[in-house]
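# Reading the structure
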Amino acid sequence: MNDNDTMKRTFASSIDKTNIGQNLTFIGWIEDFRDMGKIGFISVRDMTGNFQGVVTGELLSNFREIPRQSVIMVNGIIQETRAESFQVEVKVEKVELLSKAANPLPIDPTGRVISSLDKRLDSRALDLRNLRISNIFKTRSNALYLIRKYLFSKMFVEVNTPKIIGSATEGGADLFGFEYFAKKAFLAQSPQLYKEQLTLGLERVFEISSYFRAEPSHTVRHLSEFVSVDLEAAFLEYGDVMDIIEDLVISTIKDLYANYNNQMKHFDDSQDILVDKIPRITYEKCLEDLKSLGEKIEFGEDLSDPALRKLGETYPKFYFIVDWPTKLKPFYILEHEKKSELSKSFDLQYGYLEIVSGGTREHDSARLKNKLQEKGLNPNSFSNHLQTFEWGMPPHSGCGLGFDRFMMILTKSTNIREVVLYPRDTERLSP
Ligand code: 4AD
Ligand code: MG
């Protein structure tokens, strides 16, 4: 059996003039039925595209009864067509209703009637019958494939670390807690500590998974459950990790346009996200830029949302913000030897949007213990983690890439909910 004869069906996109005269069977969803009285035209969609069917005679009354978006099996002869958007059409000889759709449906998946994002998310499975929407998720799948392929080529090993954890991964209070048999457990906010530990056995690791943050954010870029591409590598510095991320981002975008343009064309004709290089701008330079734009931020302050939006006007595409103040970064980030108020850290931005955070890690156990204390965390809660630093912990660096945010850029979506099948936020827990 090849791809084309599953259930003895022919796919819509596979027929052309060479099939004229053949009797073929198709399965798909009725997208449209134009009833002209003596003749009718159906447009039927399967996973590869649409075909046009011509209906005459007694069959017309059958089609008048079938609601749009019902699943039908159609059998007919391939013939020439006058339609501009098709090479050939199917003269329908037989139709069988495989699954009847309700009428009316909660949303119109063809997009002719526009529905709000909330309504669409309530009917997400049906929403995917819209061509642009299904292409978002096909692109998501392809981007994941390309990212994996890239990281394998750099000798990274894919790992799976627990999402049910006994204590906070990175400190901070933004964790979902729940009862785990007789104990208290949490959902992992990131694989940070595990991936660092794994560098001592595997050197280079990456994990692609969902992570959970109990931040009550109401924005277009935060979800309670999001997918991160986390990587960690022994004997690399944060500059090397930036090189990897720069190469990964650029090559993934290039590859998508080169090999999956039939999907990418649904989002963007300009290909303006394609860049050759990603500039690295220090945090201190950002403060200067912001000052000249009338936004005064003191050294040591985080870049607020309005500040990042201003900065995004100066740097509208990808750019790194490097060397953040040590006090703004988590306990595991290493500071510069000669300038301890600055850390070996970076964020990758796309305009105002943060895509990646990363840096060189502290790998000395005594200093790490001090750092935990300085950040107000209890080293005893990190004893399992700290002991691994006595087992030959290599110097290491890494980062986490917010995959859903990357998808926003790839698909030119302004709301993260557009690129996540079943988003979870403070309000939404179903479907
Ligand atoms: O910046 P974050 O919090 O960094 C870490 O988790 C570190 N452990 C990474 C490291 O290796 N140092 O998260 C990484 C990225 C962010 O830049 C952002 O793109 C995304 O994950 N992210 C979210 N995406 C959607 N919703 C949320 N609530 C997110 N929180 C973080
Ligand atoms: Mg960050």
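You'll find the structure just up there.
What comes next is a walk through the structure. (Residues numbered from 1 in each chain as written. Chains lettered and ligands numbered in written order. Predicted model: local features only at pLDDT ≥ 70, side-chain atom pairs only at ≥ 80, totals over all residues. Heavy atoms only, no water.)

## Considering the sheet that holds strand E7 (residues 164-165)
Spatially, 3 strands are ordered E7-E9-E8 in an open sheet, and the strand pairing comes out antiparallel. The open sheet has two free edges, formed respectively by E7 and strand E8 (177-180), since each of these has just one partner strand. (Pairing = 2+ DSSP bridges. Helix = DSSP H or I, 4+ residues; strand = E, 2+ residues; numbered from the N terminus.)

## Considering the site of ligand 1
Around ligand 1 lies a shell of 23 residues, among which Glu170, Gln192, Lys195, Arg213 and Glu354 are the nearest. In this structure, Ser190 approaches ligand 1 through a side-chain N or O atom, which is 3.5 Å from a nitrogen atom. Within the contact set of ligand 1, a nitrogen atom lies 2.7 Å away from a side-chain nitrogen or oxygen of Gln192. The set of elements that each furnish at least two residues to the shell around ligand 1 consists of helix H5 (192-202), strand E11 (225-234), strand E15 (353-360) and strand E16 (396-402). In terms of residue count, E15 provides more of the shell around ligand 1 than any other element does, 5 residues in total. Of the residues that constitute the shell around ligand 1, the class distribution is 7 nonpolar, 7 polar and 9 charged. (Near = heavy atom within 4 Å. Polar contact = N/O pair within 3.5 Å; in protein donor to acceptor, adjacent residues only side chain to side chain. Nonpolar A, V, L, I, M, F, W, Y, C, P; charged D, E, K, R; others polar.)

## Regarding helix H9 (residues 305-314)
For H9, the set of buried residues is Ala307, Leu308, Leu311 and Gly312. An end-on view of H9 places all buried positions within 140° of arc, on one side of the element. Against the buried residues of H9 lie helix H8 (283-292), strand E13 (318-322) and strand E14 (345-350). (Buried < 20%, exposed > 50% of the residue type's maximum accessible area, 1.4 Å probe, protein only. Arc of directions from axis to C-beta. Contact = heavy atoms within 4.5 Å.)

## Some details on the coordination of the magnesium ion (ligand 2)
Each pair of donors in an ideal octahedron of six around a metal sits at 90 or 180 degrees, and each pair in an ideal tetrahedron of four sits at 109.5 degrees. Protein coordination of the magnesium ion (ligand 2) is provided by Glu354 (OE) and Ser357 (OG), with donor distances spanning 2.2 to 2.3 Å. For Ser357, a relative accessible area of 29% translates into the label partly exposed. (Donors = N, O, S within 2.8 Å, 3.2 Å for Na, K, Ca; no water.)

## Regarding the sheet that holds E14
The mixed open sheet is built from 8 strands, whose spatial order is E6-E10-E11-E16-E15-E14-E13-E12. Taken across any chain shown, the strands that pair with only one partner, and hence form the sheet edges, are strand E6 (157-158) and strand E12 (280-282). As paired strands, E12 and E13 are joined by 3 bridges and run parallel to one another. Following the sheet pairing, Ile281 is matched in E13 by Ile321. In this fold H5 packs onto E6, strand E10 (204-212), E11 and E16, with an angle of close to 30° to the strand it touches most, E11. Lying on the sheet, H9 is in contact with E13 and E14; it crosses E13 at an angle near 125°. (Axes fitted to C-alpha atoms, helices over the stretch in contact; angles between N-to-C directions.)

## Re the packing of aromatic side chains
Any two aromatic rings considered together are summarised by their centre-to-centre distance and by the angle between their planes. One pass over the full model with this rule turns up 11 aromatic pairs. Both rings, one in Phe152 and one in Phe206, keep their centres 5.6 Å apart while their planes meet at 65°; by these two values the pair is edge-to-face. Separated by 54 residues along the polypeptide, Phe152 in helix H4 (residues 131-153) and Phe206 in strand E10 bring together distant segments of the chain. Judged by its relative accessible area of 0%, Phe206 is buried. (Phe/Tyr/Trp six-rings, centres within 6.5 Å; stacked < 30°, edge-to-face > 60°.)

## Examining the pairing of E14
Within E14, 6 of the 6 residues are buried, leaving the element largely enclosed by the surrounding structure. The alternating pattern of E14 places Ser345, Asp347 and Gln349 and Phe346, Leu348 and Tyr350 on opposite faces, both of which are buried. Sheet topology places E13 next to E14; 5 bridges connect them, and they run antiparallel. Of the residues in E14, the one forming a bridge with Phe318 is Tyr350.

## Thoughts on the pattern of salt bridges
Throughout the structure, instances matching the rule amount to 35 salt bridges. Close ionic contact of Arg45 with Glu31 constitutes a salt bridge, the shortest N to O distance being 3.0 Å. With Arg45 in strand E2 (residues 39-46) and Glu31 in strand E1 (residues 23-35), this residue pair connects regions lying 14 residues apart in the sequence. Neither residue differs from the other here; Arg45 and Glu31 are each classed as buried. Across the salt bridge formed by Asp305 and Arg221, the nearest N and O atoms sit 3.2 Å from each other. Linking Asp305 in helix H9 with Arg221 in the loop between E10 and E11, this pair joins segments that are 84 residues apart in sequence. The class of Asp305 is partly exposed, set by a relative accessible area of 30%. By relative accessible area, which is 15% here, Arg221 ends up buried. (Salt bridge = Lys/Arg side-chain N within 4 Å of Asp/Glu carboxyl O.)

## Here's the deal with the side chain of Thr326
By secondary structure assignment, the location of Thr326 is in the loop between E13 and E14. The exposure class of Thr326 is buried, given its relative accessible area of 14%. At a separation of 2.7 Å, a polar atom in the side chain of Thr326 contacts the main-chain carbonyl oxygen of Ser340. Leaving out residues up to four positions away in the same chain, Thr326 has contacts with Glu335, Ser340, Glu341, Leu342, Ser343 and Lys375.

## Thoughts on unusual backbone geometry
A cis geometry characterises the amide bond from Asn103 onward to Pro104, with omega recorded as 5°. Relative to the elements of secondary structure, Pro104 occurs in the loop between strand E5 (88-99) and helix H2 (117-122). The backbone of Asp323 sits at a positive phi, close to 60°, despite the residue not being glycine. For Asp323, a relative accessible area of 15% translates into the label buried.

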